[in-house]
Amino acid sequence: MKYTLKAIAITAMAMAAGAAFAQKGETVRIAFMDPLSGPFANVGQNQLKSWQFAAEKLNAKNPAGVKFEVVGFDNKGSPQESLNTLKAAIDQGFHYVVQGNGSGAATAILEAVSKHNERNPGKEVVYLNYAAVDPALTNEKCDYWHFRLDADTSMKMEALTTFMKDQPKVKNVFLINQNYSHGHQVAKFFKDAIARKRPDVKIVGEDLHPIGQVKDFAPYVAKIKQSGADTIVTGNWGQDLTLLVKALNDAGLKIPMYTYYAGVTGTPTALAAGGDSEVYVVAYGHANHTGEIGQIANEFNKKFKDDYYTYATYNGINLLSAAMAKAQSTNPVKVAKAMEGLSVKSFAGDVTMRASDHQLQQAMYITKWQKAKKGEYSVENTGYTFVPIKQMDPYVSSTPTSCQMKRPSAG
């Protein structure tokens, strides 16, 4: 009898171990779709390499025991091209899609994935959004198959204005943003938040410009100068921020600038060309993390002579592998269900994928541009860095959601 019980116990343990790693050794292909050509190609190329490098580093030890493989698709930053690349990826058998540059493209992908999954049971696709931050994507447009790894515009603005309200020299603000959903949202949420926290602050000017089309920002800088602004707030990214900084340098306009994306490819080099300046970034990470993420950043720089700044790639691979281990499967239906409410350890404490709207809850940082001291990371080899001056726990930037999540009947 004892022998029989022991045999049963060993068999049960073996079955449990086998089930836990039922997916071990599988290759999970991820379709990356963002601009790999055009005005934002430098950003897209960096982020494709970042996804591929994060996957490579974490393949050796992820809890699911799978191998992630990231393949690039050029959506040219266009919603229509995003639909074409999504169809191509689905036709090639991809079940996981990542995208981030442009909320217009994100909305197109979200809606197309939702329709595809409804019409093609058994061929479902999961969409991980790593940088498109329009709050609508996890509010009125929320969808079960969409998971956002970045903090949305409203979350970042809560954190940024919590910091700005304690900066007495911020009195007259000029808002300059790209003329699409993200730019509109940055302006809207800044106005709402600063009115609550610092009603004395004045908006002395506001501009929305075409995205990726302005070659010379001198006329916009002239308006900023004329407005008497003592502070600039911008959600610009990529070429549109790099060229804005260049125009500010050329005009000799040195006023504090509060940004979302001053650490993104090209902009640090433009900042350094203008010498010392007071620039702040609100983000879920910064250039001077230690530990594993710091090591990955250093290795990335050594390999590509480029900066690793899209840490959502690290969180995304970790979240996917943890969900696959939990689901004991790479099946997207099971993995999506496992990701809801899932917490994983990140480079900045635990992060949690909120089940109600699939918005990752995470710590936020305010960083300041300054000369790099010994041991600090030199961004784009400029001799400057972004130093964290304030860390905020997830609850500070957490915002409510209006999402009415419709879950599949089997979910």
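Fair warning: this is a prediction, and the values are worked out from it, not measured in the lab.

Asks: What am I meant to see in the overall build of the chain here?
Replies: Looking only at helices and strands, the chain has 13 helices and 15 strands in total. Relative to its length of 411 residues, the chain is compact, with a C-alpha radius of gyration of 22 Å against a globular reference of 22 Å. For the C-alpha atoms alone, the extent of the chain along its principal axes is close to 90 × 50 × 40 Å. Among the 411 residues that make up the chain, the fraction classed as buried is 56%. Residue pairs in contact within the chain that sit at least 24 positions apart in sequence constitute 72% of those at least 6 positions apart. Counting only carbon and sulfur atoms, one obtains 54% of the accessible surface of the chain, whose full area is about 16900 Å². Seen as two clouds, the 45 positive and the 37 negative side-chain charges of the chain have centres 4 Å apart.

Asks: Got a minute to help me understand the nonpolar core in this structure?
Replies: Formed by 102 residues in total, the largest nonpolar core has its most connected members in Phe68, Tyr308, Leu320, Met324 and Met339. Ile176, Leu253, Val279 and Trp369 belong to the second largest nonpolar core, which has 30 residues in total.

Asks: I would appreciate a short explanation of helix α10 (residues 291-304) in the present structure.
Replies: For an α-helix the count is 3.6 residues per turn, leaving residues at separations of three or four pointing the same way. Helix length check: α10, at 14 residues, gives a terminal C-alpha distance of 20 Å against a target of 20 Å (1.5 Å per residue), a fit within 8%. Buried within α10 are the following residues: Ile293, Gly294, Ile296, Ala297, Phe300 and Asn301. Projected onto a plane normal to the axis of α10, the buried residues spread over an arc of 160 degrees and lie on a single side. Across from the buried face of α10, at angles greater than 90 degrees, the exposed residues are Gly291 and Lys302. Looking at the buried positions of α10, the neighbouring elements they touch are α2 (41-59) and α11 (312-327). Lysine 305, located one to two residues past α10, shows a positive phi value of around 55 degrees.

Asks: Teacher, can you tell me more about the packing of aromatic side chains here?
Replies: The relation between two aromatic rings is expressed through the spacing of the ring centres and the mutual angle of the planes. Overall, the coordinates contain 20 aromatic pairs when judged by the stated rule. Ring pairing ties together the aromatic residues Phe53, Tyr284, Phe300, Phe304, Tyr308, Tyr311, Tyr314 and Phe347, which thus form one cluster. A cation over a ring is seen here: arginine 29 above phenylalanine 94, with NZ or CZ 4.0 Å from the ring centre.

Asks: Looking at this structure, I do not really get unusual backbone geometry. What am I missing?
Replies: Across the chain, the bulk of peptide bonds are trans and the bulk of non-glycine residues have phi less than zero. Unusually for a residue other than glycine, glutamate 380 sits at a positive phi of about 50 degrees. Within the element layout of this structure, glutamate 380 appears in the loop between β14 (364-371) and β15 (384-392). For asparagine 381, which is not glycine, the phi torsion reads 55 degrees and is therefore positive. Of note, asparagine 381 is situated in the loop between β14 and β15. With a relative accessible area of 58%, asparagine 381 lands in the exposed category.

Asks: Help me understand the state of the cysteines in this model?
Replies: Cysteine pairs can be covalently joined through their sulfur atoms, and such a bond is termed a disulfide. Tallied over the entire structure, the rule returns one disulfide. Between the sulfur atoms of cysteine 142 and its disulfide mate cysteine 403 the distance is 2.1 Å. Here the S-S torsion is close to 80 degrees, and the disulfide linking cysteine 142 with cysteine 403 is therefore right-handed. Here cysteine 403 lies in the segment after α13 (394-397) and cysteine 142 lies in the loop between β4 (126-129) and β5 (146-148), a separation of 261 residues in the sequence. Grouping residues by exposure puts cysteine 142 and cysteine 403 together as buried.

Asks: Just checking my understanding: could you explain the pairing of strand β8 (residues 231-234) for this structure?
Replies: Consecutive side chains of a regular strand alternate in pointing toward one face of the sheet and then the other. Neither face of β8 is open: one carries Thr231 and Val233, the other Ile232 and Thr234, and all of them are buried. Crossover connection from β8 via helix α8 (residues 239-251) to parallel strand β9 (residues 257-259): handedness right-handed.

Asks: Help me out: how do you make sense of the environment of alanine 325 in this one?
Replies: Here alanine 325 shows up in helix α11. Each C-alpha atom, one on alanine 325 and one on lysine 225, is 55 Å from the other, the two residues being 100 residues apart in sequence.

Asks: Looking at this structure, I do not really get the sheet that holds strand β12 (residues 349-353). What am I missing?
Replies: As a general point, the strands of a sheet are linked pairwise by backbone hydrogen bonds and lie either parallel or antiparallel. Strands sit in the order β11-β12-β13 across an open sheet of three strands; the sheet is antiparallel. The sheet is open, and its two borders are formed by β11 (343-346) and β13 (360-361), each paired with just one other strand. Bridging between β11 and β12 involves four bridges; their strand directions are antiparallel. Bridge pairing links serine 346 to glycine 349 in β12. Against the sheet, α11 engages β11, β12 and β13, with an angle of about 140 degrees to β11.

Reading guide: rules and limits
Residues numbered from 1 in each chain as written. Predicted model: local features only at pLDDT ≥ 70, side-chain atom pairs only at ≥ 80, totals over all residues. Heavy atoms only, no water. Helix = DSSP H or I, 4+ residues; strand = E, 2+ residues; numbered from the N terminus. Rg over C-alpha atoms; globule rule 2.2 N^0.38 Å. Buried < 20%, exposed > 50% of the residue type's maximum accessible area, 1.4 Å probe, protein only. Contact = heavy atoms within 4.5 Å. Areas by Shrake-Rupley, 256 points an atom, 1.4 Å probe, with all protein chains shown as cover. Lys, Arg positive; Asp, Glu negative; His and termini not counted. Charge placed at Lys NZ, Arg CZ, Asp CG, Glu CD. Core = buried A, V, L, I, M, F, W, Y, C linked by side-chain atoms within 4.5 Å. Expected span 1.5 Å × (residues − 1). Arc of directions from axis to C-beta. Phe/Tyr/Trp six-rings, centres within 6.5 Å; stacked < 30°, edge-to-face > 60°. Lys NZ or Arg CZ within 6 Å of the ring centre and 35° of its normal. Disulfide = S-S within 2.5 Å. Right-handed = clockwise from strand over helix to strand, strands pointing away. Pairing = 2+ DSSP bridges. Axes fitted to C-alpha atoms, helices over the stretch in contact; angles between N-to-C directions.

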